[in-house]
Amino acid sequence: MHYETNKKIHMLLQLNNIFKWVQSGGQRVFLLKDINLSVEEGEFISIMGPSGSGKSTLLNVIGMLDGFNEGEYNFMDEPVHTLKEKHRANLYKQYIGFVFQAYHLIDELTVKENLEMPLLYNKTSSSERKALVADSLDRFNIVGKKDLFPSQLSGGQQQLVGIARALITSPKLILADEPTGNLNSKQGEEIMELFKQLNNDGVTIIQVTHSEKNAAYGSRIINLLDGRRI
Amino acid sequence: MNSQVLKTVLRSLGGKKFLSLTKVLGLIVGYAVFLFLAEKIQFEESYDTFWGSAENIYRVALDVTNKEGEELKSAKNFSGSSALLDAEIHGVVSHVNFGKDIVTVFNGPDQKIQDVDFAWSDPSFFEVFDRKILKSESKELLENIHGVTISQSFAKKLFGDENPLGKEISVNEGWTYVVDAVFEDIPAKSHIKIDMIGSYKTLFYYMQNFDNRAQVLIDNPDYEFNQPTPYETRRWGAPVEYRPYCYVKLKKGTSIASIKAMVTPLLKKVALPQNLKDSNINFLFQPVADIHLKSKLEHEISANGNEKQLLFLYIIIAVVLIVCIINFINLNTISAIESLKGFTIRVLNGSKHAQIFQIMLMESFVFNFFALAIAIPLAHGLVVSQLGLSQIGNSSLFIVLAIAGGITVLAAAIPFVSIVKNRIFGALKGGSNSIRQKWTGQKVTVTLQFVITIVLIVSTLGIYKQMNFMMDKELGFNGNKTIYSFTPMTMNQHPDIPNKLRTFKNEVLALSGVNSFSVSSSIPGKMPHRESNQVKEINSAEPYATSFNQISVDEGYINTYDIKLLAGSNLKNQSKWNSDEVLINKIAMEKMGYKDPNKAIGKVIVIGNKNYAIQGVMENYHHVSLHNTVQPTIYMQNLQWDHGVGYYSMQLTSNNITEITSQIAAIWENLYPKEEFIFNFSDSTFEKQYGRDQKFNKTLSVSTFLALLISCLGLLGVALFNTKKRIKEIGVRKVNGAKINEIIVMLNRDFIKWVVIAYIVACPISWYAIDKWLENFAYKTSISWWIYALAGVVAITIALLTVSWQSFKAAKNNPVNALRNE
Ligand SMILES: Nc1ncnc2c1ncn2[C@@H]1O[C@H](COP(=O)(O)OP(=O)(O)OP(=O)(O)O)[C@@H](O)[C@H]1O
Ligand SMILES: [Mg+2]
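Criteria and cut-off values
- Residues numbered from 1 in each chain as written.
- Chains lettered and ligands numbered in written order.
- Predicted model: local features only at pLDDT ≥ 70, side-chain atom pairs only at ≥ 80, totals over all residues.
- Heavy atoms only, no water.
- Helix = DSSP H or I, 4+ residues; strand = E, 2+ residues; numbered from the N terminus.
- Buried < 20%, exposed > 50% of the residue type's maximum accessible area, 1.4 Å probe, protein only.
- Contact = heavy atoms within 4.5 Å.
- Areas by Shrake-Rupley, 256 points an atom, 1.4 Å probe, with all protein chains shown as cover.
- Pairing = 2+ DSSP bridges.
- Axes fitted to C-alpha atoms, helices over the stretch in contact; angles between N-to-C directions.
- Salt bridge = Lys/Arg side-chain N within 4 Å of Asp/Glu carboxyl O.
- Phe/Tyr/Trp six-rings, centres within 6.5 Å; stacked < 30°, edge-to-face > 60°.
- Lys NZ or Arg CZ within 6 Å of the ring centre and 35° of its normal.
- pLDDT = per-residue confidence, 0-100.
- Parallel < 35°, antiparallel > 145°, perpendicular 65-115°, else oblique.
- Left-handed = near helix turned anticlockwise from the far one by under 90°.
- Core = buried A, V, L, I, M, F, W, Y, C linked by side-chain atoms within 4.5 Å.
- Buried area = accessible area lost by both parts, 1.4 Å probe.
- Nonpolar A, V, L, I, M, F, W, Y, C, P; charged D, E, K, R; others polar.
- Near = heavy atom within 4 Å.
- Polar contact = N/O pair within 3.5 Å; in protein donor to acceptor, adjacent residues only side chain to side chain.
- Expected span 1.5 Å × (residues − 1).
- Patch = residues over 30% accessible without salt bridge, like charges linked within 9 Å, V, L, I, M, F, W, Y side chains within 5 Å.

Trainee: Which parts of the structure should I look at to understand the overall build of chain A?
Mentor: Within chain A one finds seven helices and ten strands. Within chain A, the fraction of its 230 residues that count as buried is 50%. In chain A, once contacts between residues fewer than 6 apart in sequence are set aside, the share between residues at least 24 apart is 73%. Total accessible area computed for chain A in this model is approximately 11,000 Å², and 46% of it derives from carbon and sulfur atoms.

Trainee: For this particular structure, what's the right way to read the sheet that holds strand 15 (residues 514-520) of chain B?
Mentor: Residue and element names in this part refer to chain B. The strand order 15-24-14-25 describes an open sheet built from four strands, whose pairing is antiparallel. Looking at strand neighbours, the two that pair on one side only are strand 15 and strand 25 (680-681), the edges of this open sheet. Relative to strand 15, helix 15 (residues 497-510) is tilted by about 160 degrees, and along the sheet it contacts strand 15 and strand 24 (647-652). Most of the contacts of helix 19 (residues 657-671) go to strand 24, to which it runs at about 145 degrees, and overall it touches strand 14 (482-486), strand 15, strand 24 and strand 25.

Trainee: How do you make sense of the pattern of salt bridges when you look at a structure like this?
Mentor: Two side chains bearing opposite charge may form a pair once their charged atoms approach each other closely. Residue and element names in this part refer to chain A. Taken as a whole, this structure holds 24 salt bridges over all chains when the rule is applied. A salt bridge links arginine 129 to glutamate 116, with the shortest nitrogen-to-oxygen separation between them at 3.0 Å. Of the two residues, arginine 129 sits in helix 4 (residues 126-139) while glutamate 116 sits in helix 3 (residues 111-121), which places them 13 residues apart along the sequence. With a relative accessible area of 17%, arginine 129 lands in the buried category. Glutamate 116 gets classed as partly exposed once you look at its relative accessible area, which sits at 22%.

Trainee: Any chance you could explain the packing of aromatic side chains here in plain terms?
Mentor: Residues and elements named next belong to chain B. Tallied over the entire structure, the rule returns 50 aromatic pairs over all chains. On the numbers, 5.8 Å between centres and 20 degrees between planes, the contact of phenylalanine 204 with phenylalanine 225 is stacked. Taken as a pair, phenylalanine 204 in helix 6 (residues 200-209) and phenylalanine 225 in the loop between strand 11 (216-217) and strand 12 (245-250) lie far apart in primary sequence, 21 residues in all. With relative accessibility at 32%, the residue phenylalanine 204 sits in the partly exposed group. Taking the relative accessible area as the measure of exposure, phenylalanine 225 reaches 25% and is therefore partly exposed. By the ring-pair criterion, three or more aromatic residues cluster together here, those being Phe50, Trp51, Phe98, Phe125, Phe126, Phe129, Phe183, Tyr245 and Tyr247. Sitting above the plane of the tryptophan 805 ring, lysine 809 keeps its charged end 4.7 Å from the centroid.

Trainee: Before we go on, may I ask you to explain the pairing of strand 6 (residues 96-99) of chain A in this structure?
Mentor: Remember that side chains alternate between the two faces of the sheet whenever the strand is regular. All names here are of chain A. Side-chain alternation along strand 6 places Ile96 and Phe98 on one buried face and Gly97 and Val99 on a second face that is also buried. In this sheet, strand 7 (residues 173-177) lies alongside strand 6 in parallel orientation, the contact comprising four bridges. By the bridge assignment for strand 7, valine 99 is matched with alanine 176.

Trainee: Where do I start with the side chain of threonine 57 of chain A in this structure?
Mentor: Residue and element names in this part refer to chain A. Mapped onto the elements, threonine 57 comes out in helix 1 (residues 55-62). Overall, threonine 57 belongs to the buried group, its relative accessible area being 18%. In contact with threonine 57, other than residues within four places in its own chain, are Lys20, Leu31 and Leu32.

Trainee: I'm lost on the confidence of the model for chain B in this one. Help?
Mentor: Regions with low pLDDT should not have their predicted coordinates read in detail. Residue and element names in this part refer to chain B. Taken residue by residue, chain B gives an average pLDDT of 85. The fraction at 70 or more is 94%. Of all secondary-structure elements in chain B, the lowest mean pLDDT belongs to helix 1 (residues 3-15), at 70, while strand 12 reaches the highest, 96. Low pLDDT, under 50, characterises residues 429-437; the predicted model gives this stretch seven contacts beyond four residues in sequence or across chains.

Trainee: Where do I start with the packing of helix 2 (residues 17-45) of chain B against helix 21 (residues 691-725) of chain B in this structure?
Mentor: Packed helix pairs are characterised by how far apart their axes lie and by the angle those axes make with each other. Residue and element names in this part refer to chain B. It is at 10 Å that the axes of helix 2 and helix 21 come closest, and there the two elements cross at 160 degrees. The angle between helix 2 and helix 21 falls in the class roughly antiparallel. Once helix 2 is placed against helix 21, the crossing between them reads as left-handed. On helix 21, the residues that touch Phe18, Leu19, Thr22, Leu25, Gly26, Val29, Gly30 and Val33 of helix 2 are Leu706, Leu709, Ile710, Leu713, Leu716, Gly717 and Leu720.

Trainee: Looking at this structure, how should I read the environment of asparagine 114 of chain A?
Mentor: With respect to the helices and strands, the residue asparagine 114 of chain A is situated in helix 3. Linking asparagine 114 of chain A and proline 150 of chain A, residues 36 residues apart in sequence, is a C-alpha distance of 9.0 Å.

Trainee: Can you help me understand the sheet that holds strand 9 (residues 220-225) of chain A in this one?
Mentor: Within a sheet, each strand pairs with its neighbour through backbone hydrogen bonds, oriented either parallel or antiparallel. Residue and element names in this part refer to chain A. In spatial order, the strands read 6-7-8-3-9-10; together these six strands make up an open sheet with mixed pairing. Whereas interior strands pair on both sides, the edge strands pair on one side only; in this sheet they are strand 6 and strand 10 (228-229). With four bridges connecting them, strand 3 (residues 44-48) and strand 9 associate as parallel partners. Within strand 9, the residue paired with isoleucine 47 across the bridge is isoleucine 222. Helix 1 rests against strand 3, strand 6, strand 7, strand 8 (204-208) and strand 9 of the sheet, and its axis sits at about 155 degrees to strand 7.

Trainee: Explain the nonpolar core here, please?
Mentor: Most often, soluble globular proteins keep nonpolar side chains buried together rather than apart. Residue and element names in this part refer to chain B. Within the largest apolar cluster, 104 residues are counted, with the highest numbers of intra-cluster contacts made by Tyr31, Phe450, Tyr557, Ile563 and Tyr635. With 15 residues, the top contributor of residues to this core is helix 2. If we skip the residues at most four places from it in the chain, phenylalanine 450 touches Ser711, Leu715, Val755, Ala758, Ala795 and Ala799.

Trainee: What am I meant to see in the interface of chain A and chain B here?
Mentor: For interface size, the figure often reported is the accessible area lost on association. Listed by partner, the interface residues are 18 residues for chain A and 19 residues for chain B. Approximately 1,800 Å² of surface area, both sides summed, lies buried where chain A meets chain B, with 54% of it carried by carbon and sulfur atoms. Per-residue buried area on chain A facing chain B is highest for His104, Glu108 and Tyr121 of chain A; these three make up 34% of the total on that side. Inspection of the region where chain A meets chain B yields one salt bridge. In this structure, glutamate 742 of chain B and lysine 123 of chain A form a salt bridge, with 2.9 Å as the shortest nitrogen-oxygen distance. Looking at the side of chain A that touches chain B, the elements with two or more residues in it are helix 2 (85-95) and helix 3 of chain A. Examining the composition of the side of chain A that touches chain B, we find that three residues originate from one element, helix 3 of chain A, more than from any other. Across the side of chain A that touches chain B, the residue classes tally to ten nonpolar, three polar and five charged.

Trainee: Help me out: how do you make sense of the packing of helix 23 (residues 740-774) of chain B against helix 24 (residues 785-812) of chain B in this one?
Mentor: All names here are of chain B. At a minimum axis separation of 8 Å, helix 23 and helix 24 run at an interaxial angle of 155 degrees. When the axis of helix 23 is compared with that of helix 24, the two are roughly antiparallel. Handedness of the helix 23/helix 24 crossing: right-handed. Its residues assigned to classes, the contact of helix 23 with helix 24 comprises 21 nonpolar, five polar and one charged.

Trainee: Looking at this structure, how should I read the site of ligand 1?
Mentor: Residues and elements named next belong to chain A. Around ligand 1, a shell composed of 13 residues is seen, among which Ser51, Gly52, Lys55, Ser56 and Thr57 lie nearest. Taking lysine 55, its side chain carries an N or O atom lying 2.8 Å from an oxygen atom of ligand 1. Take histidine 210: an N or O atom from its side chain is 3.2 Å from an oxygen atom of ligand 1. A per-element tally of the shell around ligand 1 places helix 1 first, with three residues. In terms of residue class, the shell around ligand 1 is built from three nonpolar, seven polar and three charged.

Trainee: So what exactly am I meant to see when it comes to helix 2 of chain B here?
Mentor: Residues separated by three or four positions in an α-helix point in the same direction, a consequence of the helix having 3.6 residues per turn. In this model helix 2 of chain B runs 42 Å from its N-terminal to its C-terminal C-alpha over 29 residues, within 8% of the 42 Å that 1.5 Å per residue would give. Of all the 29 residues making up helix 2 of chain B, 22 are buried; the element is thus mostly covered by neighbouring parts of the structure.

Trainee: Explanation requested: unusual backbone geometry in the structure shown.
Mentor: It is generally the case that most residues other than glycine have a negative phi and that most peptide bonds are trans. All names here are of chain A. Located in the positive-phi region is aspartate 77, a residue other than glycine, with phi close to 70 degrees. For aspartate 77, a relative accessible area of 72% gives the class exposed. Of note, the phi angle at aspartate 226 is positive, near 50 degrees, even though the residue is not glycine. Mapped onto the elements, aspartate 226 comes out in the loop between strand 9 and strand 10.

Trainee: What am I meant to see in a nonpolar patch on the surface here?
Mentor: Residue and element names in this part refer to chain B. Together, Ile757, Val761 and Ile765 line one region of the surface with nonpolar side chains, adding up to about 220 Å² of accessible area. Note that isoleucine 765 resides in helix 23. Residue classification places isoleucine 765 among the partly exposed residues on the basis of a relative accessible area of 43%.

Put into structure tokens, the structure is as follows:
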């Protein structure tokens, strides 16, 4: 396994007084208001809240895909709010993996190629790529599917590939936006079990979910309403 | 079609603004180019078709081979020719001759109009060429011995709105006429250009009765004009300068072959002069409507058109239209794919397939309609400004409407059948992969467009290189400080030509800015008109196998044009311009069988029955354009006054051109009063030989540009579609660590691949095209690799610029937007 359990507690990221807004009709519309959040390595956090409450927005901010307007964000002691775009991109490329509700696999690529894609972008050597992809196929039990296209897989299998792809660069943090939203309950349960196991292996996970049951897999729940923590 | 269909269409166009703009631009260019070129082709092809019963009007041209074997094919003929046919052959309704002149017209002391097209002719002109007589003093046209007939537009130019009848005007040497009648203008689409007609009767009367010294006409009331009959020697003796253009009009249904067969027996009835009796005479009957495109004789009235060039115009029309149609259908397919979701929802809600097709048809129609609405006025402007027509012809409009109709249906039907029908079922059945295949189809069409475009780019560069090659090539003579003029017209009737010429020469050479002077029958840049295949060595019975050009020159020729002498010496300066010495060029020397120029010196050759001694051998220089090889030529010191002395050339040393030419003009006007000194630079005249090539080059460059433009629009449309389709993928890749430049490279790589394939296909095609075109030239540039390299770089750069803008926009996009769930 790639992940060693680290008994010593480390702070992974910290949000201090984060505000995010958009300008609409000459008026500020707040998407996030005064968010404070500390996440330690090895945590499994679930974000909950009604539709439109800002869950995805918060996840994107944490994932550095989206910016914010006020406040501070430290990720592994790096002040994200002062970093240049390029540096920020390197940071998430190295430490964060994303899992989406709609899987977002590339239709034109096979399972194997989909897994390989992030490695191409972080300049992993060809032999190492092969090894990592083989490992991953093995670990997630999808060796038999490696040459199929996404459209030939079930939703659960696609999400499995999505998670495998998110993990292939050995990130410290997995951000999952409603990873089971498109799955039936049995498939959803399997994904959650997988997350649990990954977490046990030391990966930090933040997931957005609507389901109490799924939220219970986590160690902590954060509730949002109208962009605010409650 | 109901109003909802139209509304839907207009809304959907609004939603795809950029794609719509791309589509409509391509169509506008295509239709405008089509209309303009179609008009141009029609313009060229419809020369002289407007005359009443044009199919029965023939020009009687002359094909005569004398006993020395010199053949002359001339647009001019003896004045007896058409008259003889008219008199003897029942099928000939009427005939007319005219002699063409360019004159300066004076209307009182204040108004002077130069370069007026004048013709000496007969009243029967209007029997053959049916122009309406708009105003006339008397019933009998050209009856008044002082009268001339002028064209409507020329009357307007001279007298504005005043009544031109009875007005006095004078011409060149001071001959004064009264305007007798006004005729309807001859359209520009004619090989004949005449604004003023005087009768031969008037010509002979003035020649007899005009006192040159006093510059007045002494009227002679007893004068009677007796035109000799076509059987008399006088009608068959004129040197080529004085021969007219001869036309006959045949009775409907008369076969031209039967008339041709009668020429030889008829000529037996004529008292031909001795030189013609010894010659072989043929008449060439040219249908008047064929003259502009097909006639390539000596002494044409003006430079004619060119059938080959017309063929190129056809090809260009086809190419631009094909590029355009492909582009539109291609973009329309993309637009249909974009509308697919909407169509599917319609079908789910009970819409029939026919109704979907209706929407697509309507959309296609709106585009074509809109494009035509812009292209027609655009082409109209071009046709008016470039061709001088008043409007676009109905037939061109009709054809373009038919094409637009065809494209409307095709551009709706092809995407409907190939994509929409299948994909709607596919969508209902739950997904398919067909979009991937169709996608290849789009790229193939764009590739095809680029093949055409690259062929055009390579051809343009190749032609450009050849033009440069011709401009830079060492021609073997130097014309950049040499000016020339035609020999003075006024000398035509005067016996003192040699005396005046000598005076002119001496006075000009006395000027400090003039280096040398030459009189010759031809100059570099002008076709020599005489040729003989009966030249022989004095001791040989048989003539040389080669035909030799002959040019009459004086001793000043090689100095005036800086032509190098390889051996022997220049012609001697002698007073009569007539000696038995000749110069030959190097190729002539080789054809005569000498390897060493020195060996040829002093050898005697026989031309006709006169002996000539070879005085010198000159380097081969290019007397005419590089379309032709250097011809073996004999330069004879025998100015044949009746054969057209031709040109006065002067090499200048002074840098002050204005001053020196005004000094020369003063000498000229003193000797040849009433005639203006008009001069040209020899090198620019030489370059004028390439005018047609340059024009072709221009047409090709413009077409290349347009094809490139349309191809880029096509590419842009496909790029737009491509990035739109891949927007999610781009987002996923970015989230997984792809950088902006990596995304751009990924998006562009595909397109570049297709342009490269187009390039590989285009290279051999364009090589063939240039090779064909270069066959027109005896001296050709090599088609070097850099032309291909440059064309490739240009195509790829332009394709990259076109695509990169789209790619960059897509790559910059925040993946959060792309991946947000719908
Ligand atoms: N770029 C943006 N501009 C304007 N409004 C935005 C933007 N991004 C998000 N919003 C709005 O912000 C609010 C929060 O959106 P967000 O996607 O974070 O909600 P969510 O909690 O994830 O909802 P759901 O459970 O439906 O996914 C919504 O009202 C959304 O419309
Ligand atoms: Mg959300």
